[in-house]
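# Structure at a glance
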Amino acid sequence: MPVLNGVETAVVIVLLLCVLVGTLPVINTGLQFLVLPLHAFRNHYGKAVPYHPTVAVLIPAWNEGLVLGQAIDRLTQLEYPADRLRIFVIDDASTDDTPAVVAAKAAAYPGRVVHLRREQGGQGKAHTLNHGLDIVLADDWADAVLIMDADVIFARDSLRKMSRHLADPKVGAVTAYIAEGSRDRNYLTRFIAIEYVIGQLSARRTQNVGGAIACLAGGAQLHSRANLEAIGGRIPTGTLAEDTMTTFEGQLAGRRMVFEPHAVVLAEEPRTIDSLWKQRLRWARGNVQLTSIYRHLWFRPSTEHNLGSFAFGLAWFTILLLPAFMILAASALLVLLLLHSDIAEFVFRFMWIAAACIYLFSMLYAVQLDGRIGRQSWREALMFPGLGALLLMAIALFPWLFEAGLSDLGLALTDETRWGWAVVFYLWGPISMLGIWLARTVEPLPGGRFFAGLLLYVCGYGSLLCAITVDSYIKEWRHADAAWIKTEKIGRVDS
Amino acid sequence: MTEATPQSSEEEEIRADARRERRLISQALLSIGIVVVIVIVRELLLR
């Protein structure tokens, strides 16, 4: 290590802090999985008892004729008292056969299925749900309201596994584990399946432990009537992330939210990068909007709720600012390379060895959390960071193998080539995001799907989510059109 | 629609799901154990 004077030391410390901030997402992932085992002790099962409130199921539907019938059939097969469940389909001015499908199901299950029609549609899911809520809450029949998507398939025991938590009056709402359930999976749905294991079976259990839930899954959220009335009996309409805002409002009203990992709901997920991009861009823009709406909430602990806790804020902002952190760390490493290449190399190796350990720990853990997904998607779990990042981890762990490999290829490292490799390695995060933008661009071209998939495996699924987040910054900054874009579903989930 | 399962079965189901959460501990230990073994192997290779 070189001897540094005072100014150099200060500059190096600032750059190291920037790198540390850049590694916060990795640290947060490690903390998430380390806290996860605490859910064995800190959960809500101690207060759960068999409980079957009268449930009004709200299904917002805009041109869902291909999937709606199966979802309704499955609801009627739930292990739940028949006289305590009513299904309300809120038809958002559909132009397909949705009204006919609902009419057929209403005839098949008399008194159980209700068709609510909006003649003016297209305003988004929150407006559609509010049309149903106005009707359901005006009547005192429903003790609870299940909000779901038209394409999801509930496991037979899922509703009663959710409702048992509502026996505790402090609980305002319960959400289930939304698992990717397409029968004909492709590489992207397998990546999404692993993402859902990490984002739900791990992250939401950790949020249960911390007492603050970030989001009740829009496809399966069971609210008590009291919770809905406490937030005004309406789903907030001023954001693209209405499910997250509903979750926040319930907790701010003093109620607890619970994630039930053993209530499984299968969903059909996007099969192309472009359709995934559109869906996630809506979610990411919604989160940017909520960060501003709740700006007085972050990192301000409260006795009423845990949304202001440090841990919750850290988890929220490491996801929201992940691309910014990545670029900050890359920039700091590049400046360090210019000033003190040996320090840069040491920090780079330390950072990637830590990332390798956390990646390995979290993925080994994740594939055990849902055995079915683990067996189907182990390759995508392995490739989740992308081939490029895996190579960087290997180089950080076994640098002599990298150097020996280059020598065998006749590309032995010199001072100049070492510098060139370092620049590529340090900039890999931003480069991988550009690779994902390229994947989206080539996807619609002839043969493009193959190259898009190849690029995703090289650049990593995390980089895909980062690139979408960057796009959300840009769209929000430009105040781009925030029209609701429906994710196409055609009924790929088996009931 | 199918009828709900008996109260006693549901109570047992809640206890069973609570017990299933205990698996999180063994899964964590297995995962971290594998990582520790890999780190030790690496250190041995470095010598």
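The rules behind each value
Residues numbered from 1 in each chain as written. Chains lettered and ligands numbered in written order. Predicted model: local features only at pLDDT ≥ 70, side-chain atom pairs only at ≥ 80, totals over all residues. Helix = DSSP H or I, 4+ residues; strand = E, 2+ residues; numbered from the N terminus. Buried ≥ 20, exposed ≤ 12 C-beta atoms within 10 Å, placed from the backbone. Contact = placed C-beta atoms within 7 Å. Domains from an automatic or database assignment. Nonpolar A, V, L, I, M, F, W, Y, C, P; charged D, E, K, R; others polar. Axes fitted to C-alpha atoms, helices over the stretch in contact; angles between N-to-C directions. Core = buried A, V, L, I, M, F, W, Y, C linked by C-beta atoms within 7 Å.

## Quick look at the overall build of chain A
- Across its full length, chain A holds 21 helices and eight strands.
- Out of the 495 residues belonging to chain A, those deemed buried represent 49%.
- Taking all contacts inside chain A whose residues are at least 6 apart in sequence as the whole, residues at least 24 apart take part in 83%.

## Comments concerning the domain arrangement of chain A
Residues and elements named next belong to chain A.
- Considered domain by domain, chain A is made up of domain 1 (6–24 + 320–477) and domain 2 (43–271).
- Taken together, the elements giving at least two residues each to the side of domain 1 that touches domain 2 come down to helix 13 (341–369), helix 14 (371–376) and helix 15 (378–382).
- Among the residues making up the side of domain 1 that touches domain 2, the classes are represented as six nonpolar, three polar and two charged.

## Quick notes on the environment of arginine 15 of chain B
Residue and element names in this part refer to chain B.
- Note that arginine 15 resides in helix 1 (residues 7–21).
- According to the C-beta neighbour criterion, arginine 15 is exposed, with 12 such atoms within 10 Å.
- The sequence separation of arginine 15 and isoleucine 34 amounts to 19 residues, and the corresponding C-alpha distance is 30 Å.

## Some thoughts on the environment of leucine 31 of chain A
- In this fold, leucine 31 of chain A is placed in helix 2 (residues 24–35).
- Between the C-alpha atoms of leucine 31 of chain A and threonine 206 of chain A, which are 175 residues apart in sequence, the distance is 9.4 Å.

## Quick notes on helix 9 (residues 242–252) of chain A
Residues and elements named next belong to chain A.
- Counted residue by residue, helix 9 has ten buried out of eleven residues, so it is predominantly covered.
- Among the residues of helix 9, those classed as buried are Glu242, Asp243, Thr244, Met245, Thr246, Thr247, Phe248, Glu249, Gly250 and Gln251.
- Against helix 5 (125–138), strand 6 (171–180), strand 7 (220–224), helix 8 (225–230), strand 8 (256–267) and helix 10 (273–293) lie the buried residues of helix 9.
- Backbone geometry just downstream of helix 9 places glycine 254 in the positive-phi region, at approximately 95°.

## Some thoughts on the packing of helix 12 (residues 322–339) of chain A against helix 13 of chain A
Residue and element names in this part refer to chain A.
- Here helix 12 crosses helix 13 at 145°, and the two axes come no closer than 6 Å. Here Leu333, Leu336 and Leu337 of helix 12 come into contact with helix 13, specifically with Ser341, Ile343, Ala344, Val347 and Phe348.
- Across the contact of helix 12 with helix 13, the residue classes tally to seven nonpolar, one polar and no charged.

## Quick look at the nonpolar core
All names here are of chain A.
- Val57, Leu58, Ile59, Val89, Leu146, Val265 and Leu333 are the most contacted members of the largest nonpolar core, which totals 143 residues.
- Top contributing element to this core by residue count: helix 13, with 16 residues.
- Looking at this core, you find at least three residues from each of domain 1 (6–24 + 320–477) and domain 2 (43–271).

## Details of unusual backbone geometry
All names here are of chain A.
- Located in the positive-phi region is asparagine 63, a residue other than glycine, with phi close to 55°.
- Here asparagine 63 shows up in the loop between strand 1 (55–61) and helix 3 (65–76).
- The phi dihedral of alanine 93 falls on the positive side, at around 55°, and the residue is not glycine.
- Structurally, alanine 93 can be placed in the loop between strand 2 (85–92) and helix 4 (98–108).
- The partly exposed category is assigned to alanine 93, around which 16 C-beta atoms lie within 10 Å.

## A word on the interface of chain B and chain A
- Of the residues lining the interface, 25 residues belong to chain B; the matching set on chain A comes to 27 residues.
- Looking at the side of chain B that touches chain A, the elements with two or more residues in it are helix 1 and helix 2 (23–46) of chain B.
- The greatest single-element share of the side of chain B that touches chain A, amounting to eleven residues, is contributed by helix 2 of chain B.
- Grouping the amino acids of the side of chain B that touches chain A by side-chain chemistry returns twelve nonpolar, five polar and eight charged.

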